[in-house]
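# Summary of the model geometry
What follows is the residue order along each chain.
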Amino acid sequence: YTAAHLRALLAASDDPADTVVVLLGAHAGLRIHEMARLRWRQLNLLEHELAVLGKGRKRATVALSDALVEALERLKARPETRRRSSTKTGGRDASF
């Protein structure tokens, strides 16, 4: 993909969840099944890091871009995300 393709994908939606999915693939290199298994506890937004269990069940630490951290912070701040985190898992380990 090109930078123009990425900009077009990001411009196509104003939903923070869509932005996070696009940037997890484009900036962090995550595969769709890795995204599907993500939990908030795997993120360290202050250090711009994400711990993933990748191909071959190998653990890896992935660097997060500033744009991805900002998108994750916007997603986490949404009322429906906070509500899901607190009701499904007691706020401990909700998925995105």
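Residues numbered from 1 in each chain as written. Predicted model: local features only at pLDDT ≥ 70, side-chain atom pairs only at ≥ 80, totals over all residues. Heavy atoms only, no water.

Before going further, it helps to examine the sheet that holds strand β3 (residues 59-63). Strand order across the open sheet formed by 3 strands is β1-β2-β3, with antiparallel pairing between neighbours. Each edge of the sheet is formed by a strand with only one pairing partner; in this case those strands are β1 (43-44) and β3. Examined bridge by bridge, strand β2 (residues 49-53) and β3 share 5 bridges and lie antiparallel to one another. Looking across to β3, one finds that V52 is bridged to A60. (Pairing = 2+ DSSP bridges. Helix = DSSP H or I, 4+ residues; strand = E, 2+ residues; numbered from the N terminus.)

Before going further, it helps to examine the packing of helix α1 (residues 3-11) against helix α2 (residues 16-26). Two numbers describe a pair of packed helices, the interaxial angle and the distance between the axes. α2 packs onto α1 with a crossing angle of 160 degrees between their chain directions and a minimal axis gap of 9 Å. Judged by the inter-axis angle, α1 sits roughly antiparallel to α2. Relative to α2, α1 is oriented so that their crossing is right-handed. Between α1, through L6, L9 and L10, and α2, the contact on the second element is made entirely by T19, V22, L23 and A26. Each residue belonging to the contact of α1 with α2 can be placed in one class, and the counts come to 6 nonpolar, 1 polar and no charged. (Axes fitted to C-alpha atoms, helices over the stretch in contact; angles between N-to-C directions. Parallel < 35°, antiparallel > 145°, perpendicular 65-115°, else oblique. Left-handed = near helix turned anticlockwise from the far one by under 90°. Contact = heavy atoms within 4.5 Å. Nonpolar A, V, L, I, M, F, W, Y, C, P; charged D, E, K, R; others polar.)

Moving on, we get to the pattern of salt bridges. All told, the structure shown has 2 salt bridges when counted by the stated rule. Between R78 and D15 there is a salt bridge whose closest N-O contact spans 2.6 Å. Of this pair, R78 sits in the loop between α4 (66-77) and α5 (79-88) while D15 sits in the loop between α1 and α2; the two residues are 63 residues apart in sequence, bridging distant segments of the chain. The partly exposed category is assigned to D15, whose relative accessible area is 27%. (Salt bridge = Lys/Arg side-chain N within 4 Å of Asp/Glu carboxyl O. Buried < 20%, exposed > 50% of the residue type's maximum accessible area, 1.4 Å probe, protein only.)

A distance of 2.6 Å separates a polar atom in the side chain of R78 from a polar atom in the side chain of D15. The residues contacting R78, other than those within four sequence positions of it, are D15, P16 and A17. (Polar contact = N/O pair within 3.5 Å; in protein donor to acceptor, adjacent residues only side chain to side chain.)

To continue, consider unusual backbone geometry. For H48, which is not glycine, the phi dihedral falls at a positive 55 degrees. Classification of H48 as partly exposed rests on a relative accessible area of 24%. In this structure, R57 is a non-glycine residue whose phi angle is positive, near 55 degrees. Of note, R57 is situated in the loop between β2 and β3. Relative accessible area serves as the criterion here: at 64%, R57 is assigned to the exposed category.

This part covers the confidence of the model for the chain. Taken residue by residue, the chain gives an average pLDDT of 87. The fraction at 70 or more is 84%. Per-element averaging of pLDDT across the chain places α5 at the bottom with 63 and β1 at the top with 96. (pLDDT = per-residue confidence, 0-100.)

Bringing α4 into the picture now. Between its first and last C-alpha atoms α4 spans 17 Å; for 12 residues at 1.5 Å apiece the expected length is 16 Å, and the two agree. Taken together, the buried positions of α4 are L68, V69, A71, L72 and L75. Burial along α4 is one-sided: seen end-on, the buried residues are contained in an arc of 160 degrees. (Expected span 1.5 Å × (residues − 1). Arc of directions from axis to C-beta.)

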